[in-house]
Every structure is written in C-alpha cells, then in structure tokens.
Amino acid sequence: MMHRRQLLGATAGLLAAPAIASAQSGAWPTRAPVRLVAQFPPGGLVDTITRLVAPQLSAAIGQNVLVENRAGAGGVIGTDYVAKQPADGYTFLMTHASVMVYSAATLPRLPFDPINDFTHLAHLVEAPSVLLVRGDSPIRTMQDYLQAARTRPTRYGSSGIGSAPHMLGAMLAGQANLTQLDHAPYAGSAPAMRDLLGGHIESLIDPITTNVEAMQNGTLRALAISTPQRLTAFPNVPTFVELGFPALVQTQWVGISGPKNLPAPIAERIIREMPGIMRSPTIVTRTTELQTMPRATLPTGADFVNIITTELAAARQVAQRYNIQAAA
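Here the structure is a predicted model, which means the values were calculated and not measured.

Procedures and definitions
Residues numbered from 1 in each chain as written. Predicted model: local features only at pLDDT ≥ 70, side-chain atom pairs only at ≥ 80, totals over all residues. Heavy atoms only, no water. Helix = DSSP H or I, 4+ residues; strand = E, 2+ residues; numbered from the N terminus. Buried < 20%, exposed > 50% of the residue type's maximum accessible area, 1.4 Å probe, protein only. Polar contact = N/O pair within 3.5 Å; in protein donor to acceptor, adjacent residues only side chain to side chain. Contact = heavy atoms within 4.5 Å. Pairing = 2+ DSSP bridges. Right-handed = clockwise from strand over helix to strand, strands pointing away. Phe/Tyr/Trp six-rings, centres within 6.5 Å; stacked < 30°, edge-to-face > 60°. Lys NZ or Arg CZ within 6 Å of the ring centre and 35° of its normal. Salt bridge = Lys/Arg side-chain N within 4 Å of Asp/Glu carboxyl O.

(A) Molecular detail of the side chain of Thr 292. Inspection of the secondary structure assignment puts Thr 292 in the loop between α10 (281–289) and α11 (302–321). Residue classification places Thr 292 among the buried positions, given a relative accessible area of 0%. Side-chain polar atoms of Thr 292 contact the side chain of Thr 209, separated by 2.7 Å. Of the polar contacts made by the side chain of Thr 292, one reaches the backbone oxygen of Leu 290; its length is 3.0 Å. Contacts of Thr 292, omitting those with residues within four sequence positions, involve Leu 45, Val 125, Glu 126, Ala 127, Ile 208, Thr 209 and Thr 287.

Written as structure tokens, this is what we have:
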C-alpha cells in the first residue's frame, strides 16, 4: 500500500510532468508567471538586482516575471526552496555568493548542495567590500585604523558570522596582527549600519552597493576596498592590495540559477538572453551607480559553476584557518 506522503509525492510529479515535457520540447514559456526568487528581504543587493533584471527578462521571454522574496536564515530558506522546485522553467533563483560560497563554507550543514542541486546559468554582477568608518571618525586612514586596532579595542561590524565581510575582517586581523580588532556580527547590514552611525562600533565591512551615496556625501569614509585596483568612481579609496594585503581581494556576486536538471532548451535560452539583458541601458546605468557591475564577459554555464567551485574551496580554507563557523 502506498503511504499518503508517497501518494502526494507521486501526484506532484505527475502534475509537473506535462510542464517539464513541454519545456523539453522547446515550447517555453507557455504561461505566466515565471518566478524569480530573491532569498533576501527588499532593499538589499539581491533584491535590487532582481528587480532590475525581472522586467528585462520578462520582455526577452514574452511572459510576466514575478519577483518573489523568500528571506530567512541568511538566504538559506529561499535558496533551499528553489532547489526543491520542479525543473520546469517557472522558478529561478537569484543566486548569491553569500549563500553558495560563504554559508556553504561556514555552516556545519545545508539542506542543499550548492553545486549539484542547481542548474547554474549566469553570473550577473559583483560588488566589492569596503571598510567603512563614520565621516566624522578620528580614524581617517588605514594607517590610523591599524594603529587603533593594535592598541585599543576596535570593533568591525558585519552582516553576520560566516559572512563575506566577517571573513575579510578575520583575514585582515590575522595578517596585520590586529590583536585588539573584534568582530561584531549583526543580523544583516542595516542594523550594523545603525550601530556604526550611532557610535556603538568603530567600523563596518560591507558591500559597496548600498553605501555609495553615503560615501559620496561624506556620511561614511571608506578606508580600503577589496578590488584589485582602485575604482574610477572613488579614486581616493585605496585597495587592500596596495596597502600590503594582497589576499584581501573579494567580491559578492549575484547570478541566476534554476533547480537541477533544468531542461537544456530553457537553460540555453536564459544563457543566451542574459548578456543582452545586462547590457541594457537601464541596468548599465543603475549598476554603474551602485558600483556593482557585470564582468566584461558574462560567465555562464560551466564558467559560472567553476567560479562557485573555486571560491567555495578558497572560503573553506579561510574558515578553517581562522576558525569561522556559523550556527546551524
């Protein structure tokens, strides 16, 4: 006798089968909406990029693309949700390095495999991290910061234990012998920023994306940035590399992925459309403003998978070396 759970699973499979068969035949998309899942709340990096991409993707495929925020557990909930959806071309994930690389490297377990449970399609944009202090802080240069963190308690905020900013701070502390530099983890960038502006912590490491305006108007001062070379938009902000920390090169990227076993015609269609979408004037203008831009050539398919695999291996080494482990 078939148990109720088995029966429900079989029924779901039968319902999904016609849609998957249609997709495999090349007749996709035949209905709306196509869902684009952002695994973080509105207003952050992932949500911002998702809402830029959705209307452009909708125009390209001829169906409505609906943005769906499924936040929680540092992006794990929304990511796991997409991993378990039918591979029929109607649910995609705005993949984020925060989950696929940093959570995967620091959490003792995940409910999905970041490589094998997805069809990774295209790497879309990437944002460097910046070390920030308040605009009125007595810490005016990186040299000031290093001196402070060697002589008195100095805190850097991040968006959480095991996050990319946490790892960057741990590497800086270790390589510069900053014995007084302490990590202050928060449940996201927003509360960390509130404490920085309120004077409760001395510094913050964060993606540049949502900090551009404050850096431009003087509310925040950037001491260093995690790019290989200085940004044209911020020529006075030195890189960690030129300050003597060549290993502190880091970006947080956003891409697009589907569940594993996505039919080849759908995967190929998305891969074919994304370079043109990312070159659209609306997206180029906004991503340039946010200093969160695509690479010159968009990594797709196997090239995107290779980026995830390489960065995950490197992050695991950093997590092990600096004993960084997030709570399950």
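(B) Spatial organisation of the pairing of strand β6 (residues 181–185). Here strand β5 (residues 154–158) runs beside β6; their pairing, made up of 5 bridges, is parallel. Bridge assignment links Gly 157 to a residue of β6, and that residue is Ala 184. Read from β5 through helix α6 (residues 164–176) to β6, the crossover connection turns out right-handed.

(C) Representation of the packing of aromatic side chains in the model. Enumeration over the complete set of coordinates arrives at 3 aromatic pairs. Taken together, a centroid distance of 6.2 Å and an interplanar angle of 70 degrees make the contact between Trp 28 and Phe 92 edge-to-face. Placement of Trp 28 in the loop between α1 (4–24) and β1 (34–38) and of Phe 92 in strand β3 (residues 91–93) is noted, with a sequence separation of 64 residues between them. Judged by relative accessible area, Trp 28 falls into the buried class, the value being 7%. An angle of 85 degrees between the planes, with centres 5.7 Å apart, marks the rings of Phe 112 and Phe 118 as edge-to-face. For the pair shown, Phe 112 and Phe 118 are each scored as buried. One cation-aromatic arrangement involves Arg 31 over Tyr 90; the distance from NZ or CZ to the ring centre is 3.7 Å.

(D) Structural context of helix α3 (residues 76–83). With 7 of 8 residues buried, α3 is to be regarded as a mostly interior element. The set of residues buried in α3 consists of Val 76, Gly 78, Thr 79, Asp 80, Tyr 81, Val 82 and Ala 83. Buried residues along α3 sit in contact with β1, β2 (65–69), β3, α4 (97–106), β4 (118–134) and β9 (251–259).

(E) Quick look at the pattern of salt bridges. By the definition in use, this model includes 12 salt bridges. Taking the shortest distance from any N to any O, the salt bridge between Arg 51 and Asp 47 comes out at 2.8 Å. On the criterion of helical spacing, the pair formed by Arg 51 and Asp 47 is a turn pair, its members being 4 residues apart in helix α2 (residues 45–61). For Arg 134, the salt bridge is made with Asp 136, and the minimal N-O distance between the two is 3.0 Å.

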